[in-house]
Amino acid sequence: LGFGCTRFPQLPGEGNEVDEVEATRMVRHAIDQGVNYVDTAWPYHGGQSEVLVGKILQDGYREKVALATNMPSWLIEKVEDFDYYFSAQLERLQTDHIDFYLLHALNAGYWDNYLKVRVFDWAERKLAEGQIRHLGFSFHDRYEVFHRILNGYDNWDFCQLQYNYMDVEEQAGQRGVRQAAEKGLGVIVMEPLRGGKLAVQNPPAQVAEAFRHSQRDWTMAEWALQWLWDQKEVSLLLSGMSTMEQVEQNLVSAEQSKPGSLTAEDLHL
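Cut-offs used in this document
- Residues numbered from 1 in each chain as written.
- Predicted model: local features only at pLDDT ≥ 70, side-chain atom pairs only at ≥ 80, totals over all residues.
- Heavy atoms only, no water.
- Phe/Tyr/Trp six-rings, centres within 6.5 Å; stacked < 30°, edge-to-face > 60°.
- Helix = DSSP H or I, 4+ residues; strand = E, 2+ residues; numbered from the N terminus.
- Buried < 20%, exposed > 50% of the residue type's maximum accessible area, 1.4 Å probe, protein only.
- Lys NZ or Arg CZ within 6 Å of the ring centre and 35° of its normal.
- Pairing = 2+ DSSP bridges.
- Axes fitted to C-alpha atoms, helices over the stretch in contact; angles between N-to-C directions.
- Parallel < 35°, antiparallel > 145°, perpendicular 65-115°, else oblique.
- Left-handed = near helix turned anticlockwise from the far one by under 90°.
- Contact = heavy atoms within 4.5 Å.
- Nonpolar A, V, L, I, M, F, W, Y, C, P; charged D, E, K, R; others polar.

Under the counting rule described, the total for this entry stands at 22 aromatic pairs. Taken together, a centroid distance of 6.2 Å and an interplanar angle of 55° make the contact between tyrosine 101 and tryptophan 122 tilted. Note that tyrosine 101 is positioned in strand β4 (residues 98-106) and tryptophan 122 in helix α6 (residues 119-129), a separation of 21 residues in sequence. Considered together, tyrosine 101 and tryptophan 122 belong to a single accessibility category, that of buried residues. Judged by centre distance (5.3 Å) and plane angle (70°), the rings of phenylalanine 139 and phenylalanine 146 are edge-to-face. Each member of the pair phenylalanine 139 and phenylalanine 146 is classed as buried. By the ring-pair criterion, three or more aromatic residues cluster together here, those being Trp111, Phe120, Phe137, Phe139, Phe146, Tyr153 and Trp156. Over the ring of tyrosine 61 we find lysine 64, and its NZ or CZ is 4.5 Å from the ring centre. The ring centre of tryptophan 42 lies 3.7 Å from the NZ or CZ of arginine 92, which sits over that ring.

Put into structure tokens, the structure is as follows:
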């Protein structure tokens, strides 16, 4: 279970301001309970997520986690932009290195642009200097584009894909998850609940009826998470938790998970 820092709780009002006190309490509690991967990105919460994560990981918490953030692909126009944004991210996050660094939201256009400005010359220098520990990418496009990116660079360490039981054929899909794992990449899953749509308490009647036949006492969210944790190809799933209740529920669910734990009946359902 990784903590995705894109859906922090917000203060009442129209300003969409993050509740920093509660967000800090949630992330630190998750880390205290064993969560050791924290993911953020340049645009989250209007550009404030990285800043807040940098604050949250003070008081010894930075040393307890693998920290992930993303190069803002849509802002890259020339090679000098890499150092500009990366240096700003180190400052925002109050750290001297990024453990897991991603090229953000790759699609065909962003990929072609990265090749044009020779991103891997820059990235491999940062890897050699130790400022980046592992290099990967997140992805939003068709499977064919994923296949091209996956095989377009020999030293990817990991990838991050949208994947859940409704998206087995969307974007990279199950084919992409399995192909990346077969190549030895870590596979990080984002949108495990499809933006919360798979966590509804009152699903459509036919869906609710189907789940009533199970012996499992799981919420809709647990079904979605356990389906992912059941798969040996999935290294980690990110959850954008918005309340302490969600943190607690996910911690319990993660503790009870392991690959290959779902029965044939569970998978059929």
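With that settled, the discussion passes to the environment of glycine 46. Within the element layout of this structure, glycine 46 appears in helix α2 (residues 44-47). Spatially, the C-alpha atoms of glycine 46 and aspartate 96 are 23 Å apart, while their sequence positions differ by 50 residues.

In terms of residue burial, strand β3 (residues 66-71) counts as a mostly covered element, since six of its six residues are buried. Pairing analysis gives three bridges linking strand β2 (residues 37-39) to β3, with the strands arranged parallel. Residue valine 38 lies in a different strand from β3, and its bridge partner there is leucine 67. In this structure, β3 lies alongside β4, joined through four bridges in parallel fashion. Its bridge partner being in β4, methionine 71 is matched across the sheet by leucine 103.

Moving on, we come to the packing of helix α4 (residues 80-93) against α6. Put simply, α4 and α6 touch, their axes get as near as 10 Å, and they point 40° apart. Classified by the angle their axes make, α4 and α6 are oblique. Note on packing geometry: the crossing formed by α4 with α6 is right-handed. Every residue of α6 that contacts α4 at Phe82, Asp83 and Phe86 is listed here: Val119, Trp122, Arg125 and Lys126. Its residues placed into classes, the contact of α4 with α6 shows four nonpolar, no polar and three charged.

What follows is about the sheet that holds β2. In spatial order, the strands read β1-β2-β3-β4-β5-β6-β7-β8; together these eight strands close into a barrel with parallel pairing. For this sheet, the mean inter-axis angle between neighbouring strands, taken without regard to orientation, is 25°. Together, β3 and β4 form the strand contacts of helix α5 (residues 108-116), whose direction differs from that of β4 by roughly 120°.

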